[in-house]
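Coordinate analysis (summary)
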Amino acid sequence: MNQEIQIAFPKGISLTIKREDLIHPFVSGNKFRKLKYNLFQAKAEHQETLLTFGGAFSNHIAAVAYAGKEQGFRTIGIIRGEELFDKIEENPTLKFAQENGMQFEFVTREEYRDKNEDFFIEKLKDKFGDFYLVPEGGTNELAVKGCEEILTKEDAIFDFVCCAVGTGGTISGLINSALPNQKILGFPALKGDFLTDEIRIFAKKDNWDLISDYHFGGYGKVNLELIEFINTFFEETKVPLDPIYTGKMVFGVIDLIHKNYFPEHSRILLIHTGGLQGIAGMNIKLKQKKLPILKSNG
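Let me begin by describing the structure that accompanies this report.

So, how was this worked out
- Residues numbered from 1 in each chain as written.
- Predicted model: local features only at pLDDT ≥ 70, side-chain atom pairs only at ≥ 80, totals over all residues.
- Heavy atoms only, no water.
- Helix = DSSP H or I, 4+ residues; strand = E, 2+ residues; numbered from the N terminus.
- Rg over C-alpha atoms; globule rule 2.2 N^0.38 Å.
- Contact = heavy atoms within 4.5 Å.
- Areas by Shrake-Rupley, 256 points an atom, 1.4 Å probe, with all protein chains shown as cover.
- Pairing = 2+ DSSP bridges.
- Axes fitted to C-alpha atoms, helices over the stretch in contact; angles between N-to-C directions.
- Phe/Tyr/Trp six-rings, centres within 6.5 Å; stacked < 30°, edge-to-face > 60°.
- Buried < 20%, exposed > 50% of the residue type's maximum accessible area, 1.4 Å probe, protein only.
- Core = buried A, V, L, I, M, F, W, Y, C linked by side-chain atoms within 4.5 Å.
- Arc of directions from axis to C-beta.
- Polar contact = N/O pair within 3.5 Å; in protein donor to acceptor, adjacent residues only side chain to side chain.

1. Here's the deal with the overall build of the protein
Scanning the protein from terminus to terminus reveals eleven helices and ten strands. Against the compact-globule benchmark of 19 Å for 298 residues, the protein has a radius of gyration of 19 Å, which places it among compact chains. Counting contacts in the protein only where the partners sit at least 6 residues apart, residues at least 24 apart contribute 73% of the total. Carbon and sulfur atoms form 50% of the exposed surface of the protein, whose accessible area is close to 13,800 Å².

This is how it looks when you write it as structure tokens:
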């Protein structure tokens, strides 16, 4: 569902947000897109178990747990941080995943770095038996195929399409399905330049750019300015934003509008990739730091 943002912007620029967060109540946004064809493939291979990786407040972990339950799969989550094994009840994301049947394996951060190595995968198969492997964040060729379906015919009117970037799957799908006149802008949630190479693995065009000035210090980092922006945006539009991905992207786009980055009368489409389940966990951290909490529909 596309929702035009009723805020007056200079130079006749218009903003519209694609509410991918409304696709599914628990498998929202890009997680639904990324899992769609992977679940088809797992069933085609007659697999009964999905195994994947994630951190303490991972949208991906929550989505795989619910989607797996909904589709009749056993699910296993390899969780970064062995100290979390006795803190499930304090963690809204892990608690939700466990309530939806996910079995956890907590590993050290050092071990977690080996998650893509053959020896590590073989060790997991020795322990859990055969499984269908869904990568951290869900990005693979089938995930990109799902994300290519985000843009529809009605989106042909837009000059720019903007999204947050985590593992690069969503933006790769947008790049592949965009029209020749459209520019795709990605706003990385992480520090570092490695994402360009990751995106080039899957992206088939050069109609894109990464804007790396709005990560707010790195993955999962927020400050008072970002919190206040997200809350003001919610008050003005009734659109909730997560602080890890979409909130930073929307902040960046609006900041660039005021810095004259976009030409006059640009029509800009923002992709809301979901992630709202993470707000509860972030608000726990914000309360501990005596910062304002994030507003949402929840």
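2. Overview of the sheet that holds strand S5 (residues 102–107)
Spatially, four strands are ordered S5-S4-S3-S6 in an open sheet, and the strand pairing comes out parallel. The sheet terminates laterally at S5 and strand S6 (132–133), the two strands that pair on one side only. When strand S3 (residues 49–54) meets S6, the two strands line up parallel, connected through two bridges. Residue pairing in the sheet places Leu50 in a bridge with Tyr132 of S6. Strands in contact with helix H2 (residues 59–71) are S3, strand S4 (74–80) and S5; relative to S3, the strand with the most contacts, it is inclined by about 170°. Where helix H3 (residues 92–99) meets the sheet, it contacts S4 and S5, and its direction lies at approximately 135° from that of S5.

3. So, the packing of aromatic side chains
The geometry of two aromatic rings is summed up by the distance between their centres and the angle between their planes. In total, this model carries 14 aromatic pairs according to the counting rule given. Geometrically, the ring pair formed by Phe160 and Phe262 is edge-to-face, given 4.9 Å between the ring centres and 80° between the ring planes. Of the two residues, Phe160 is situated in strand S7 (residues 160–165) and Phe262 in the loop between helix H10 (246–258) and strand S10 (267–272); the sequence distance between them amounts to 102 residues. Its relative accessible area of 13% is what places Phe160 among the buried residues.

4. A closer look at the environment of Gly166
For Gly166, the position within the fold is in the loop between S7 and helix H7 (169–177). Relative accessible area serves as the criterion here: at 19%, Gly166 is assigned to the buried category. Sequence separation between Gly166 and Phe187 is 21 residues, and the spatial gap between their C-alpha atoms is 8.7 Å. Excluding residues within four positions of it along the chain, Gly166 makes contact with Leu190, Leu195 and Tyr245.

5. With respect to the pairing of S5
Taking burial as the measure, the six residues of S5 include five buried ones, the bulk of the element. Judged from the six bridges that link them, S4 and S5 form a sheet pairing that is parallel. Within S5, the position partnered with Ile76 by the bridge is Gln103.

6. Some points on the sheet that holds S7
On the basis of which strands lie adjacent, the open sheet formed by six strands has the order S1-S2-S10-S7-S8-S9 and mixed pairing. At either margin of the open sheet sits one strand with a lone partner, and together these are strand S1 (2–4) and strand S9 (208–210). For this sheet the average axis-to-axis angle between neighbouring strands, irrespective of direction, equals 25°. Both S1 and strand S2 (residues 14–19) contribute to a ladder of three bridges, which runs antiparallel. Among the inter-strand pairings, Gln3 is bridged to a residue of S2, identified as Ile17. Against the sheet, H7 engages S7, strand S8 (183–188), S9 and S10, with an angle of about 175° to S8.

7. Details of the nonpolar core
In terms of nonpolar packing, the biggest core is built from 37 residues, with Leu15, Phe187, Val253, Phe262, Ile268 and Leu270 touching the most fellow members. Secondary structure elements with two or more residues in this core: S2, S7, S8, helix H9 (224–237), H10, S10 and helix H11 (278–288). Counting residues per element, this core draws most heavily on H10, which supplies seven residues. Leave out the neighbours within four places in its chain, and Ile268 touches Ile13, Ser14, Leu15, Thr16, Phe158, Phe160, Cys162, Val253, Ile257 and Phe262.

8. Thoughts on H3
By the burial criterion, the buried members of H3 are Thr93, Leu94 and Ala97. Each buried residue of H3 lies within a common arc of 95° when the element is viewed along its axis, so the set occupies one face. In this structure, the buried residues of H3 make contact with H2, S4 and S5. Between the side-chain oxygen of the N-cap and the backbone nitrogen of Thr93 there are 3.0 Å, and the N-cap of H3 in question is Asn91. Gly101 sits one or two positions beyond H3 and adopts a positive phi of about 95°.

9. Things to note about the pairing of S10
With five of six residues buried, S10 is to be regarded as a mostly interior element. Sheet topology note: the S2/S10 ladder contains six bridges and is parallel. From the neighbouring strand, Thr16 faces S10, where its bridge partner is Leu269. Alignment of S7 against S10, held across three bridges, turns out to be parallel. By the bridge assignment, Cys162 is partnered in S10 with Leu270.

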